[in-house]
Amino acid sequence: MTRSPKRALVTGGSAGLGAAAVSLLQAGGYEVVVLDKDSPAASENPVKHISCDLASRPELDAALPELIASGPYGLIFLNAGINATGHFESIEAQAHIDVIRINAEAPMVIFARLLEAGAMRRGAAAVFVSSLSHFTGYPGAASYAASKDALAIYAKSMRRHAKSRGVSLTVAFPGPLRTGHAERHAPKGADASKPMDPAEAARLILADALAGRKSSIPGSANRTFAVLGRIAPKPVTALMRRLIYSRL
Amino acid sequence: MIGAKSRRILITGGNTGLGLALAAKLARRHKLLLTGRKSEGEVAGTLPPGAGYLVADQSDPEASAATVLRGIRDFGWDTLDNAVLNAGTGFAAVNGIDSTQAIRASLDVNLLSALLQARALYPLLKKSGGTLTLIGSVAHKGSAAVPAYAASKAGLHGLARALRSEWKADVSVQVLHPGPAKTDMHEKAGYDPGFMRSLFLAPDDVAAMMASAIAARRSPVTLSWVKYLNGGAYTGRRL
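Residues numbered from 1 in each chain as written. Chains lettered and ligands numbered in written order. Predicted model: local features only at pLDDT ≥ 70, side-chain atom pairs only at ≥ 80, totals over all residues. Heavy atoms only, no water.

## What to know about the packing of helix α3 (residues 93-116) of chain A against helix α4 (residues 100-128) of chain B
In step 1: At a closest axis distance of 10 Å, the pairing of α3 of chain A and α4 of chain B adopts a crossing angle of 160 degrees. As judged from the angle between their axes, α3 of chain A and α4 of chain B are roughly antiparallel. Helix-helix and strand crossings are classified by hand; for α3 of chain A and α4 of chain B the assignment is right-handed. In contact with Ala93, His96, Ile97, Ile100, Arg101, Ala104, Glu105, Met108, Val109, Ala112 and Arg113 of chain A of α3 of chain A, α4 of chain B contributes Thr100, Ile103, Arg104, Leu107, Asp108, Leu111, Leu112, Leu115, Leu116 and Arg119 of chain B.
In step 2: In terms of residue class, the contact of α3 of chain A with α4 of chain B is built from 13 nonpolar, two polar and six charged. (Axes fitted to C-alpha atoms, helices over the stretch in contact; angles between N-to-C directions. Helix = DSSP H or I, 4+ residues; strand = E, 2+ residues; numbered from the N terminus. Parallel < 35°, antiparallel > 145°, perpendicular 65-115°, else oblique. Left-handed = near helix turned anticlockwise from the far one by under 90°. Contact = heavy atoms within 4.5 Å. Nonpolar A, V, L, I, M, F, W, Y, C, P; charged D, E, K, R; others polar.)

## As for unusual backbone geometry
In step 1: Looking along the chain, the bond that leaves Gly71 of chain A and enters Pro72 of chain A is cis, with omega of -5 degrees.
In step 2: Summarising the element assignment, Pro72 of chain A is placed in the loop between α2 (57-69) and β4 (73-78).
In step 3: For the bond running from Ser219 of chain B to Pro220 of chain B, omega is -15 degrees, close enough to zero to count as cis.
In step 4: Looking at the element boundaries, Pro220 of chain B is found in the loop between α7 (203-216) and β7 (221-223).
In step 5: Positive phi is not limited to glycine here, since Asn95 of chain B has a value of about 50 degrees.
In step 6: Among the structural elements, Asn95 of chain B can be located in the loop between β4 (82-85) and α4.
In step 7: Overall, Asn95 of chain B belongs to the exposed group, its relative accessible area being 64%.
In step 8: A positive phi is found at Arg217 of chain B, a non-glycine position, where the angle reads about 60 degrees. (Buried < 20%, exposed > 50% of the residue type's maximum accessible area, 1.4 Å probe, protein only.)

## Some details on α7 of chain B
For an α-helix, the turn length of 3.6 residues means that residues three or four places apart are oriented alike.
All names here are of chain B.
In step 1: Between its first and last C-alpha, α7 extends 20 Å over 14 residues, near the 20 Å set by a 1.5 Å rise per residue.
In step 2: Across the 14 residues that make up α7, a large majority, 11, are buried.
In step 3: Buried within α7 we find Asp205, Val206, Ala207, Ala208, Met209, Met210, Ala211, Ser212, Ala213, Ile214 and Ala215.
In step 4: Phi turns positive, to about 60 degrees, at Arg217, one or two residues after α7. (Expected span 1.5 Å × (residues − 1).)

## Observations regarding the nonpolar core
In step 1: Ile110 and Phe111 of chain A together with Leu121 and Leu132 of chain B are the most contacted members of the largest nonpolar core, which has 89 residues in total.
In step 2: When near neighbours in sequence (up to four residues on either side) are disregarded, Phe111 of chain A contacts Ile76, Leu78, Met120, Ala126, Phe128, Tyr154, Met158, Ala162 and Leu169 of chain A.
In step 3: Among the nonpolar cores identified, the runner-up in size contains 32 residues, and Leu22, Leu26, Val206 and Ala211 of chain B belong to it. (Core = buried A, V, L, I, M, F, W, Y, C linked by side-chain atoms within 4.5 Å.)

## Digging into the pattern of salt bridges
In step 1: For the structure on display, the rule yields 16 salt bridges over all chains.
In step 2: Measuring nitrogen to oxygen at the nearest pair gives 3.3 Å for the salt bridge that ties Arg7 of chain A to Glu31 of chain A. One end of the pair, Arg7 of chain A, is in strand β1 (residues 6-11); the other, Glu31 of chain A, is in strand β2 (residues 30-36), with 24 residues separating them in the sequence.
In step 3: With a relative accessible area of 21%, Arg7 of chain A lands in the partly exposed category.
In step 4: What you see here is one network of salt bridges that share partners, running through Arg57, Asp61, Arg101 and Glu105 of chain A together with Arg104 and Asp108 of chain B. (Salt bridge = Lys/Arg side-chain N within 4 Å of Asp/Glu carboxyl O.)

## Re the interface of chain A and chain B
Interface size, as often reported, equals the accessible area lost upon joining of the parts.
In step 1: Tallying the contact residues gives 51 residues for chain A and 42 residues for chain B.
In step 2: Of the roughly 3500 Å² buried where chain A meets chain B, counting both sides, 62% is carbon and sulfur surface.
In step 3: The shortest N-O distance in the salt bridge between Arg101 of chain A and Asp108 of chain B comes to 3.1 Å.
In step 4: Here chain A and chain B share 21 residue pairs in polar contact (both at pLDDT 80 or more) between them. (Buried area = accessible area lost by both parts, 1.4 Å probe. Polar contact = N/O pair within 3.5 Å; in protein donor to acceptor, adjacent residues only side chain to side chain.)

## Focus on the sheet that holds strand β2 (residues 31-36) of chain B
Residues and elements named next belong to chain B.
In step 1: Taken together, the seven strands give an open sheet; going across it, the order is β3-β2-β1-β4-β5-β6-β7, and neighbouring strands pair in parallel fashion. If you trace the sheet from one side to the other, it starts and ends with β3 (52-55) and β7, each paired once. Strand-to-strand twist of the sheet, defined as the mean angle between neighbouring strand axes without regard to direction, takes the value 20 degrees.
In step 2: Summarising the sheet, strand β6 (residues 172-178) and β7 pair through three bridges and their orientation is parallel. Bridging across to β7, Pro178 finds its partner in Leu223.
In step 3: Set on the sheet, helix α3 (residues 61-74) makes contact with β1 (8-12), β2 and β3; between it and β3 the angle comes to about 150 degrees.
In step 4: The sheet contacts of α4 involve β1, β4 and β5 (131-135), and relative to β4 the element is tilted by about 175 degrees. (Pairing = 2+ DSSP bridges.)

## Describing the packing of aromatic side chains
In step 1: In total, this model carries eight aromatic pairs over all chains according to the counting rule given.
In step 2: Clustering of aromatic rings is evident, with ring pairs tying together Phe88 of chain A together with Tyr122 and Trp167 of chain B.
In step 3: Across from the ring centre of Tyr30 of chain A, 4.5 Å away, lies the NZ or CZ of Lys6 of chain A, which sits over that ring. (Phe/Tyr/Trp six-rings, centres within 6.5 Å; stacked < 30°, edge-to-face > 60°. Lys NZ or Arg CZ within 6 Å of the ring centre and 35° of its normal.)

## Side note on α3 of chain B
All names here are of chain B.
In step 1: The first and last C-alpha atoms of α3 sit 20 Å apart over 14 residues, in line with the 20 Å expected at 1.5 Å per residue.
In step 2: Looking only at α3, the buried set comprises Pro61, Ser64, Ala65, Thr67, Val68, Gly71 and Ile72. Angularly, the buried residues of α3 cover 165 degrees about the axis, an arc narrow enough to put them on a single face. Away from its buried face by more than 90 degrees, α3 exposes Arg70 and Asp74.
In step 3: On its buried side, α3 packs onto β1, β2, β3 and α4.
In step 4: Where α3 ends, the next residue or the one after it, Gly76, has phi of about 90 degrees, a positive value. (Arc of directions from axis to C-beta.)

In structure tokens form, the structure reads like this:
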């Protein structure tokens, strides 16, 4: 199990939840590869940075050989994502396209190619960062909700095949996080103290991933919300509309 | 329904499979505009009489939305009562893993084209208090045989769930999840269902269930054996 060096890949590792995961993984003895369009913040434990804008298919295709060669990984954390909030019909078409490409298409392509190339060790864990919106619906971010549902179901569909190659799949469904990106997309007047600390969310998600759990919903409030969303999807989506869409 | 008015209905992917079966069902009572990838020459004689046809390839999502919008205008329509975004494609995963091309094409054709078409058609649907119908699949809950296809259909489910809430005052949004039907989709996808194919429903029966679900404006609706055995192809509302 502890064949060193342990290596991890984090997409979108330069900020937010991804950066929090990078710190935790380094503290756990991993050498970390970060795939991000922005450079990671300077720290005493440098990471290997592969620069790539995941909205661009040619850039991703060009980055894949280096990404594969930088393995084999013991853990991959497919986290990079963007949001586009507002009234669906008034959001620019290009913003919707970028949301689907970055949040769903890119992690699907990266996972498929890494798995195919054998760039994940036997016993490796793969984390797909979806969203609590998978359980609640997300009026006000329809393309984001679509992208995160697509990613969650892709992961679920790949679980059996990945297991045959010794890779466990964990789908993470974090709720609102206290990250710069999330705050830009939160409705005005939202309580800034409620979103979860990204370091705490990353810790809980990584613990679930290393334990081989199929899903990870960090935080008891989020778990309650997810259960409610399963039992009563329509009232919960109506509540999301009141909390988010009508304040946008 | 006797006396119900004739509707203006757009069906994408209306030249084949379930889209064509639905068009055949609705053509006598309603005005139809169908879209497809094939040229007009190739589809000549296969479409229901009176239906308009528009070539709109969904492999470029942004262009497909613009083409559909322009085609509707050229057809002389300034409103739309129903948009049935049904066009779709699928690829069997070779050795359990989708190719990059299959992932991108599945998302472009099934999800992103429908998403951008929905965005473009909103003003036309709003004018008539119309209904937007996204055609998903029972695979939206996951499928190891077609992971990227399942993902694209799950995306449509999430899109419909959000949009139904966002547009509830203006446009009814719904997603229908048909089970496998005896169309040529599986062959095109490179997937052989074997003896299971004998269990697939006839496209005509699925189309009848689609039509009644569209009239009822409910969402999400699964159109498969359970509904069929409940008489879903013969009872229910008519469009």
